[in-house]
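Residue-level listing of the chains:
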Amino acid sequence: MRALILLLAFQAGGGATDAVRARDAEIRAALPPPGAEVTPEARRRIEEIVARALDLRGMAQAALGPRWAQMTSVQRRRLVAAFERRFREVGASELEAYRDTAVEYRAEVERGGRVEVPTRLVVKGEPTEVTYALRRQGAGWRIVDLSVDGVSTVDNYRASFARVIARDGVEGLIRRLEKGGAAAEKPR
């Protein structure tokens, strides 16, 4: 029931900050108590929460820029599926640190058709600035980019994708993402 309430908060009439808070609360609720192992079931549930909050197709499309229009629909589906798997893996790999993270939410900023939610995370005493860029989609909000200490995830992937495409073409990029290779390195 709690997950349903949080999901509705993410999708419903609240602001972008409310949506990010709801996602964070849902992730924390899905984590086992401190000291307990994260089970495969809990990991899958958290991966679903993360994937549902992100507009991964939009992020992949933005990272590819004009190359997106040149890809076939099959290539796009494969790339988005591999991109989603990568985001799930990266998010799930940082669960222990997330449990003890303190989050300070700052004032929303509307910019270019999206709303930015700046936050300050403190992980093990180290502050990190994370800005979520969200766009209203239907009745809810989806994360279309996030910046960590001023570095955009979409921009980071754009540069990485461009290097791989220049060397190995779009098919090479897709294969690397499917294998979890260099083009799929964790965003900084």
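Asks: Outline the confidence of the model for the protein, supporting the account with residue identities and numerical values.
Replies: Averaged over the protein, the pLDDT score is 85; the fraction of residues at 70 or greater is 85%. Under a pLDDT of 50 for its full length, residues 1-12 has, in the predicted model, 22 contacts with residues more than four places off or in other chains. Across residues 182-188 the pLDDT falls below 50, and counting only partners more than four positions away or on other chains, this stretch makes 25 contacts in the model.

Asks: Talk me through unusual backbone geometry; I want residue IDs and the actual numbers.
Replies: The phi dihedral of K124 is positive, around 50°, even though this residue is not glycine. Its location among the elements puts K124 in the loop between β3 (114-123) and β4 (126-137). The exposure class assigned to K124 is exposed, which follows from its relative accessible area of 77%. The phi angle at D149 is positive, at roughly 50°, despite the residue not being glycine.

Asks: Could you give me a rundown of the pattern of salt bridges, with the residues and numbers involved?
Replies: Under the counting rule described, the total for this entry stands at twelve salt bridges. Here E104 makes a salt bridge to R106, at a shortest N to O gap of 3.3 Å. The exposure class assigned to R106 is partly exposed, which follows from its relative accessible area of 32%.

Asks: Quick one: what's the story with the packing of aromatic side chains, residue by residue and with numbers?
Replies: Applying the stated criterion across every chain yields a total of three aromatic pairs. Judged by centre distance (5.0 Å) and plane angle (75°), the rings of F83 and Y157 are edge-to-face. You can see F83 sitting in helix α6 (residues 73-93) and its partner Y157 sitting in helix α8 (residues 153-179), a full 74 residues away along the chain. Across the pair, exposure class does not vary: F83 and Y157 are buried alike. Ring plane angle 70° and centroid distance 6.0 Å describe the contact between F83 and F161, whose orientation is recorded as edge-to-face. Of this pair, F83 sits in helix α6 while F161 is found in helix α8, placing the two residues 78 residues apart along the sequence. A residue is classified by how much of its surface remains accessible, and F161, at 1% relative accessible area, is buried. Ring-pair connections join several aromatic residues into one group, and the members of that group are F83, Y157 and F161.

Procedures and definitions
- Residues numbered from 1 in each chain as written.
- Predicted model: local features only at pLDDT ≥ 70, side-chain atom pairs only at ≥ 80, totals over all residues.
- Heavy atoms only, no water.
- pLDDT = per-residue confidence, 0-100.
- Contact = heavy atoms within 4.5 Å.
- Helix = DSSP H or I, 4+ residues; strand = E, 2+ residues; numbered from the N terminus.
- Buried < 20%, exposed > 50% of the residue type's maximum accessible area, 1.4 Å probe, protein only.
- Salt bridge = Lys/Arg side-chain N within 4 Å of Asp/Glu carboxyl O.
- Phe/Tyr/Trp six-rings, centres within 6.5 Å; stacked < 30°, edge-to-face > 60°.

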